[in-house]
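Structure assessment
Okay, here's what each chain looks like letter by letter:
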Amino acid sequence: MPFSPLRRFWYAHIFVIALVMRFVYLAQAFHNNELLGIPIVDAEVYVNWAKGFLSGHWLWHEPSNYTPMYPLYLAGVFRILGQEPDLIILGRTAPALVFVVFHLLGAFQAVLIGRIAGLIRDRATGLVAGLLAAVYWPFIVFEASFYAENLAVWTLSLGLFLLLLFRRDGRRGYLLLSGIALAVACLCRVNALLSLAAIAGWIVWDTVRTLESRRVVHDPAAAAPGVARP
């Protein structure tokens, strides 16, 4: 088959498509969206909180409806990239590098979503899911912002992917890393706890189905209707 080498790298193609979509959006948004890079509402709280962390203020001075994980993440990104939060609020070009990092993670997230669907169903389903995630507009928009959803969805996807790897390979390291990723997602957005209920239900269902399959394998008579056991 002349295109067989290309078929081996479909997920790399999905990553490139996702990255191109995000960079095209970012280039257009910087020229046409005057609010890009100016945090408002929740984003303003997160950025100001991150500024507090960078200034050495680690304690809460007032009750908050938000969790500290995303501001910690922002503070780490600002420090690593050498971006001053004040410039991110006031400048037009300062957020560019930060959003590029967010979009790189978003492109990788599209691959993760495709791999998740592939592990649950089949390769064709995974490729379709990955392509849809690559061009899904809300993902692209939120990744060019300071809202917690961009990290929450990414770590949620990573946690589910690692959980599926544990299911396939049985390595406990995958299970540990999955728990950490899911915990980070919940610490970014508390409503991610709802997804844990769905994941727990799926684990119970999958475990029961697996045990039933093993029982049939070890006791073929149980799978044959009308066959009486001695």
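Placed above this text is the structure.
Anyway, here's the lowdown on the structure attached to this text. (Residues numbered from 1 in each chain as written. Predicted model: local features only at pLDDT ≥ 70, side-chain atom pairs only at ≥ 80, totals over all residues. Heavy atoms only, no water.)

Regarding the pattern of salt bridges
- Counted by the stated rule, this structure contains three salt bridges.
- Residues R22 and E143 are paired through a salt bridge, measuring 2.6 Å at the closest nitrogen-oxygen approach. Here E143 lies in helix 8 (residues 137-143) and R22 lies in helix 2 (residues 10-32), a separation of 121 residues in the sequence. For the pair R22 and E143, a shared accessibility class is recorded, and that class is buried.
- When the shortest N-O distance is used, the salt bridge between R168 and D169 registers 3.0 Å. (Salt bridge = Lys/Arg side-chain N within 4 Å of Asp/Glu carboxyl O. Helix = DSSP H or I, 4+ residues; strand = E, 2+ residues; numbered from the N terminus. Buried < 20%, exposed > 50% of the residue type's maximum accessible area, 1.4 Å probe, protein only.)

A look at unusual backbone geometry
- The residue V41 is not glycine, and still its phi comes out positive at about 55°.
- Examined against the element boundaries, V41 turns out to sit in the loop between helix 2 and helix 3 (42-54).
- For V41, a relative accessible area of 59% gives the class exposed.

A word on empty space enclosed by the protein
- This model, assessed by the stated rule, comprises one cavity of 30 Å³ or more.
- What the largest cavity holds in volume is close to 60 Å³.
- Lining the largest cavity we find Y73, F102, L105, G106, Q109, E143, N150, L151 and W154.
- The set of elements that each furnish at least two residues to the lining of the largest cavity consists of helix 6 (96-120) and helix 9 (149-169).
- Considering every element that reaches the lining of the largest cavity, the biggest residue donor is helix 6, with four residues.
- Across the lining of the largest cavity, the residue classes break down as five nonpolar, three polar and one charged. (1 Å grid on protein atoms, 1.4 Å probe; cavity = no way out; pocket = protein on both sides within 12 Å on 5 of 7 lines; lining within 4 Å. Points joined across faces, edges and corners; volume = space filled by probe spheres on them. Nonpolar A, V, L, I, M, F, W, Y, C, P; charged D, E, K, R; others polar.)

Some points on the packing of helix 6 against helix 9
- In contact at an axis separation of 9 Å, helix 6 and helix 9 are set at 35° when each is read in the N-to-C sense. Taken as a pair, helix 6 and helix 9 cross one another with a handedness that is left-handed. Residues F102, L105, F108, Q109, L112, I113, R115, I116, L119 and I120 of helix 6 pack against N150, V153, W154, S157, L158, L160, F161, L164, L165, R167 and R168 of helix 9.
- Split by residue class, the contact of helix 6 with helix 9 holds 15 nonpolar, three polar and three charged. (Axes fitted to C-alpha atoms, helices over the stretch in contact; angles between N-to-C directions. Left-handed = near helix turned anticlockwise from the far one by under 90°. Contact = heavy atoms within 4.5 Å.)

What to know about the packing of aromatic side chains
- Scanning the entire structure with this criterion turns up 13 aromatic pairs.
- Arranged with centres 6.2 Å apart and planes meeting at 40°, the rings of F99 and F102 form a pair that is tilted. Placement of both F99 and F102 in helix 6 is noted, with a separation of three residues, approximately one turn of the helix. This pair shows no difference in class: F99 is buried, exactly as F102 is.
- Plain terms: the ring middles of F142 and Y147 are 6.0 Å apart, the flat faces sit at 80° to each other, and that makes the pair edge-to-face.
- Residue F142 is classed as partly exposed on the basis of its relative accessible area, which comes to 36%.
- Using a relative accessible area of 23% as the deciding quantity, one classes Y147 as partly exposed. (Phe/Tyr/Trp six-rings, centres within 6.5 Å; stacked < 30°, edge-to-face > 60°.)

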